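# Commentary on secondary and tertiary structure
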Amino acid sequence: MIRSVPANATDALYCMQLAQNAVHGTMAGYTGFSVGLCNNKMCLIPIPELVATSPRQMNPKGRTWERILAVTRQPNTGKFDNKSFRDAESVPVNQKPAA
């Protein structure tokens, strides 16, 4: 959870519940899920379902992704040539690149 103000008691309780439910799901043998609050109940949500219904998309060959890797000091493990990188930069973030 990311906030611009110090955490209060409600934030601490919510984060504790998220963590505990994530551990419970993992210990139960589930993988590929996220924990969230749905209708005031903690639930396990499959990550593919979250990704499929998300209105936002990011180009893994684009400038925004390169900036994220640079800021977090992660290596770029993507394999692509310079031509595909130039083509990827011209595609808006919310559109898929043409094949």
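What you see is a predicted model; the values in this text were computed from it and never measured.

Glancing now at the overall build of the protein. Each helix and strand in the protein was counted, giving 4 helices and 2 strands. Moving toward the C terminus, one meets the helices and strands of the protein in the order α-β-β-α-α-α. Looking at the protein as a whole, 12% of its 99 residues are labelled buried. For the protein, the share of sequence-separated contacts (at least 6 apart) that also reach a separation of at least 24 residues comes to 24%.

As a further point, take the confidence of the model for the protein. Per-residue pLDDT for the protein has a mean of 80; in total, 76% of the residues score no lower than 70. Within the model, pLDDT remains below 50 along residues 84-88, and this stretch shows 6 contacts once partners closer than five positions in the same chain are excluded.

With a phi close to 60°, N40 is a non-glycine residue in the positive phi region. Looking at where N40 falls in the secondary structure, it is placed in the loop between β1 (33-38) and β2 (41-46). Of note, R73 is a non-glycine position whose phi angle comes to about 55°, a positive value. Here R73 shows up in the loop between α3 (63-71) and α4 (82-89). A residue is classified by how much of its surface remains accessible, and R73, at 78% relative accessible area, is exposed.

This brings us to the side chain of N59. Relative to the assigned elements, N59 resides in the loop between α2 (47-52) and α3. Within the local environment of N59, its side chain forms a polar contact with the backbone nitrogen of K61, the two atoms lying 3.0 Å apart.

What follows is about a nonpolar patch on the surface. There is a patch of nonpolar side chains on the surface, built from I47, L50 and V51 and spanning about 250 Å² of accessible area. Within the secondary structure layout, L50 lies in helix α2.

Looking at chain direction, β1 and β2 are connected through 6 bridges and run antiparallel. Bridged to S34 within β2 is I45. Hairpin connection from β1 to β2: 2 residues lie between these consecutive antiparallel strands, with N39 at a positive phi of about 55°.

How each quantity is defined
Residues numbered from 1 in each chain as written. Predicted model: local features only at pLDDT ≥ 70, side-chain atom pairs only at ≥ 80, totals over all residues. Heavy atoms only, no water. Helix = DSSP H or I, 4+ residues; strand = E, 2+ residues; numbered from the N terminus. Buried < 20%, exposed > 50% of the residue type's maximum accessible area, 1.4 Å probe, protein only. Contact = heavy atoms within 4.5 Å. pLDDT = per-residue confidence, 0-100. Polar contact = N/O pair within 3.5 Å; in protein donor to acceptor, adjacent residues only side chain to side chain. Patch = residues over 30% accessible without salt bridge, like charges linked within 9 Å, V, L, I, M, F, W, Y side chains within 5 Å. Areas by Shrake-Rupley, 256 points an atom, 1.4 Å probe, with all protein chains shown as cover. Salt bridge = Lys/Arg side-chain N within 4 Å of Asp/Glu carboxyl O. Pairing = 2+ DSSP bridges.

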